[in-house]
Amino acid sequence: MKEWLKKLRGINAGMLCIPALMLLGYIFIHMLFGGTLLSYNCWDSYSLQAMSWLSGRLDMGRNYEWLELAVYNGKYYLSFPPLPSVVMLPLVLLFGERTPSNLVSALYGIFTAMIACKILKKAGMKQDRAVFFAIAYVWGSNMLWMSTSGGVWFLAQGLNMLLLTACVYFAQQKMRVAAYSMAALAVGCRPFSACMFLPLMVYFYMMDRDRPRADRIRGQIRSLIIPAFIALCYMLYNYARFGDVLEFGDMAIYSMVKNNTFNGMPLPSIALRTLDGTERCIRSFGYEDFKQRLS
């Protein structure tokens, strides 16, 4: 009991201030736009995927016309990496289809700010400044928007930022296995998070610069065993669904649904591939199509 009391006393006011302030902020934002923090989001594909897993299916069971799904062999699959669905599993057991995904997204933002505060304090920043900049790290960035909705894209981006922030924290603590593992888990939210491995490898390799080169390399390999197992799980999951270890399912579908020319990105052509392997272009887009959108 005394040990628990010591731990409670060790929790500083700053770390308690972050969740309190941010939770009030999220409640206000949802009230301002006529919603509620505890509501279910109809764009939450991850809860639906978790429910399908609990029913013994890898596919979604049926088509949800408003969601971005991949179609393979006549079945509908979630076209995003699986980790956010894993997080949703215990919540789906409690709430079923009405899982409060808006709250989950807000919690991602709160936990991200709390970890960022610990990083800043470890770097020597005073507590009040660390609290301010930790909240600004979330609310002063695109994370504010992402953490106010429980839609599929928002949940993936929010969890991804939480995991990569945790990755930086563990790297700062020189806990290389934990740092690599956070980066590997983040790939299960957004695959491009794999880019985080390069700076991590360089950082830990330079941290061991006083050791012989062979020892540094062996240390890196040992640290990558758990992340390699995580990557293997993703690959087996992809193979079980699509017969391809590198296929998550989210390919041209994003451009087809979000069909805009933002930043000069051209629209993709629409082609049809028949069962005998022949391909036929149905529709292509050029400058005239772009010009018509401006009128």
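For the structure itself, consult the block above.
Residues numbered from 1 in each chain as written. Predicted model: local features only at pLDDT ≥ 70, side-chain atom pairs only at ≥ 80, totals over all residues. Heavy atoms only, no water.

Visitor: What exactly am I supposed to notice about the nonpolar core here?
Guide: Looking at soluble globular proteins, one finds that nonpolar side chains tend to be buried together. I18, M22, Y46 and L200 are the most contacted members of the largest nonpolar core, which totals 61 residues. Of all the elements, helix α8 (residues 152-172) adds the most residues to this core, at 13 residues. Beyond its immediate stretch of four places on either side in the chain, M22 contacts G109, I110, A113, I135, V138 and W139. (Core = buried A, V, L, I, M, F, W, Y, C linked by side-chain atoms within 4.5 Å. Buried < 20%, exposed > 50% of the residue type's maximum accessible area, 1.4 Å probe, protein only. Helix = DSSP H or I, 4+ residues; strand = E, 2+ residues; numbered from the N terminus. Contact = heavy atoms within 4.5 Å.)

Visitor: What exactly am I supposed to notice about unusual backbone geometry here?
Guide: One non-glycine residue with positive phi stands out, namely N73, at about 55 degrees. Counting through the fold element by element, N73 comes out in the loop between β1 (69-72) and β2 (75-78). Even without being glycine, K174 reaches a positive phi, approximately 65 degrees. Turning to its location among the elements, K174 is positioned in the loop between α8 and α9 (176-187).

Visitor: Would you mind going over the packing of aromatic side chains with me for this structure?
Guide: Two numbers describe a pair of aromatic rings. These are the distance of the centres and the angle of the planes. In this structure the tally under the stated criterion is 13 aromatic pairs. Measuring from ring centre to ring centre gives 5.7 Å for Y64 and W66, while their planes differ by 85 degrees; the resulting arrangement is edge-to-face. You can call W66 partly exposed: its relative accessible area is 39%. Both rings, one in W145 and one in W153, keep their centres 5.7 Å apart while their planes meet at 50 degrees; by these two values the pair is tilted. Among the aromatic residues, ring-to-ring pairing joins Y180, F197, Y203 and F204 into one connected group. (Phe/Tyr/Trp six-rings, centres within 6.5 Å; stacked < 30°, edge-to-face > 60°.)

Visitor: Which parts of the structure should I look at to understand the pattern of salt bridges?
Guide: Should their charged atoms come close, side chains of opposite charge can pair. For the structure on display, the rule yields three salt bridges. Of the charged contacts, one joins R211 and D208 as a salt bridge, the two residues approaching to 3.6 Å between their closest N and O atoms. Via salt bridges that share partners, R176, D208 and R211 belong to a single interconnected network. (Salt bridge = Lys/Arg side-chain N within 4 Å of Asp/Glu carboxyl O.)

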